[in-house]
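Tertiary structure, described
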Amino acid sequence: MFARTIALLFLLFTSLLQGVAAAGAPISAAHTGTEAIGRQADYLQESGGPLTLAQAVAAQRAGKFTPSPSGFLNFGIGARPAWIHFSVDNPAAAAARLRLSVEAAWLDRVDVHFVRDGRPVAEYRSGDRSPLASRPVDSRYYAFDHDFAAGGTEVFIRVETPDPMMVPLYLMSAAQAQAREQLETYSYGFLYGFLFALLVYNAVLSAGLRDSRYLAYSLYLGAFLLMNAAYTGHGFRWLWPDHFQWAQWSNPVLMVLYATSGLLFALSFLDAREHFPRMYKAVLAYIAAAASLLLVTVLMDSQLYALLLAFDVTLLFPVIMLGMGAWAARSGKTPARYFLLAAIAAMIGAAVTALAVRGVIPANVWTYRAVDMGILVDATLLALALTYQLRIGQEEKLRAEQLATLDPLTGMHNRRAFYAKATPIWNIAQRNGRDLAAILLDIDSFKHINDAYGHAAGDAALTAVARAVSQAIRQQDVAARWGGEEFILLLPETSLDEAAALAERLRAAIAAIRLEHAGAEIAMTASFGVAQREPHYPNLDALISAADKYLYQSKAGGRNRISCALEAVAA
């Protein structure tokens, strides 16, 4: 397996080479490889009407064909139809069966002629204007198997398309073709599998969390997968093999969809509507303009203008994304940094591929598939950014839930949290007949502390009492600030005597507190009411009411004391 992987990687490396043979030199049928053969070809673009094969042969004989400057012939968008010519020499006595592959899946028409001694011996017609089933070889590209007889054979190829006329030519044996196809299957399988897994994962997150950002990201990934499948031929082979009219329009439509869905995701991810309203409106206006112009080209039935628009939109898309990311990053948003790095990766990949396909820069395997590598980095960084946002959102939600259940001054549970924690304890004790006690305490003369020393001193007194309560209770006990200067404790597996003893320890601890405030020493006391669960109590509130009744007995009895069903305990 390791050796096989090394061999496949070697084939990928050799496919990057542009060829070393002189332009126009015959290709040996005995020494074919997996590199593009463009450098060994010459070409002629039609200047008037279509040329016949005989006219093309005559023009080649007259020296009107131009040697190809690179391994990938590229004539740009909306180029005139072109004839491409190369020769194959078979030095063996037996015929050599080789596969000619034109690896640009969007070409409208590809006519291939095999010529010997000036006469055609085989002819094929293909292109995406015909159903997939009509192709001579089942392939997402335009492939043609031919038995090259001993001696020389010339190949003339006529290509016509309004799409980018990039014509990567390969000539190889069946084994080489199979190895090359297997390598590409592995690479595209990894790309599509990785992106589809991210798509499904984020769609599930969107449904579970009801967060539109994850849905927008899934749509963005889905648009890229469809666009990539369209221009690589996977879409025509597996998704719409019989819809050749859609196949011709799929590239511009899906390119615009990819760019606009990416911008919509960016607006959602960056919360642009709330934080960057001017940017939000400008990007929406751009999306609307792009979609409107695409609709106009469709109504005009102008595939050429649609392609020009699509490439311009695709080239501008990463630039706009980069600008949005930089704008957001300046505001200090941490997720925007991930977004900015992702936008840079996407911009580089998309720009390199778009420029290569348009013929602005040399086309090869790396430049052609730069968008794939860019989207892998882009998708990974955006997934990390969404994960970061999810974690931050969960932390903020947890913090909000905690704030909703905690008293902000003392840090103790509030009344809402007390009931949430105390109700299950009450139910267990009631069902199993277990001991359960409650203590209510109230700081004596708290209004006097506020009036005499100020509210800051009152807050310090509440905090000090809360600290004393928290230090006195067990882990299974529930304590809360009941309201104002009152605190409550629920004590499972605790008898009335044990609860009264705890209340006495707390009373003494509070009486010993001394607070320094503005040069004055503040002392305080507290009154307590203690009650035990009785069989006739219908619910927890009945127990709390009993403790509250005993608390008022302590207040009426002179404060700084404990009252319960036992005899009241004074300081």
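Use the structure listed above.
Residues numbered from 1 in each chain as written. Predicted model: local features only at pLDDT ≥ 70, side-chain atom pairs only at ≥ 80, totals over all residues. Heavy atoms only, no water.

The next point concerns the nonpolar core. Of all hydrophobic cores here, the largest spans 112 residues; its most connected members are Phe86, Ile157 and Tyr217. Among all residues touching Phe86, those that are not within four sequence positions of it are Ile27, Ile37, Gln40, Ala41, Leu100, Thr153, Glu154, Val155, Ile157, Leu169 and Leu171. If you look at the next biggest cluster of nonpolar residues, it comprises 34 residues, including Met412, Ile443, Ala464 and Ile562. (Core = buried A, V, L, I, M, F, W, Y, C linked by side-chain atoms within 4.5 Å. Buried < 20%, exposed > 50% of the residue type's maximum accessible area, 1.4 Å probe, protein only. Contact = heavy atoms within 4.5 Å.)

This brings us to the side chain of Glu46. On the secondary structure map, Glu46 appears in the loop between β2 (42-45) and α2 (53-61). At 2.9 Å, the side chain of Glu46 forms a polar contact with the side chain of Trp83. (Helix = DSSP H or I, 4+ residues; strand = E, 2+ residues; numbered from the N terminus. Polar contact = N/O pair within 3.5 Å; in protein donor to acceptor, adjacent residues only side chain to side chain.)

Together, Phe196, Val200 and Val204 make up a nonpolar patch on the protein surface, roughly 270 Å² of accessible area in all. Inspection of the secondary structure assignment puts Val204 in helix α3 (residues 174-209). (Patch = residues over 30% accessible without salt bridge, like charges linked within 9 Å, V, L, I, M, F, W, Y side chains within 5 Å. Areas by Shrake-Rupley, 256 points an atom, 1.4 Å probe, with all protein chains shown as cover. Salt bridge = Lys/Arg side-chain N within 4 Å of Asp/Glu carboxyl O.)

Between its first and last C-alpha, helix α9 (residues 303-330) extends 40 Å over 28 residues, near the 40 Å set by a 1.5 Å rise per residue. Phe317 marks the point of greatest bend in α9, at about 25°, and the proline Pro318 comes within the next four residues. Immediately beyond the C-terminal end of α9, within one or two residues, lies Gly332, with a positive phi of roughly 90°. (Expected span 1.5 Å × (residues − 1). Bend = angle between axes of the 7 residues up to and from the residue.)

Right, let's talk about the pattern of salt bridges for a bit. Under the criterion given, the structure shown has 23 salt bridges. With a shortest N-O distance of 3.0 Å, Arg158 and Glu160 are connected by a salt bridge. Look at Arg158 and you get buried, because its relative accessible area is 7%. Given the relative accessible area of 23%, Glu160 is considered partly exposed. Of the charged contacts, one joins Arg507 and Glu504 as a salt bridge, the two residues approaching to 2.8 Å between their closest N and O atoms.

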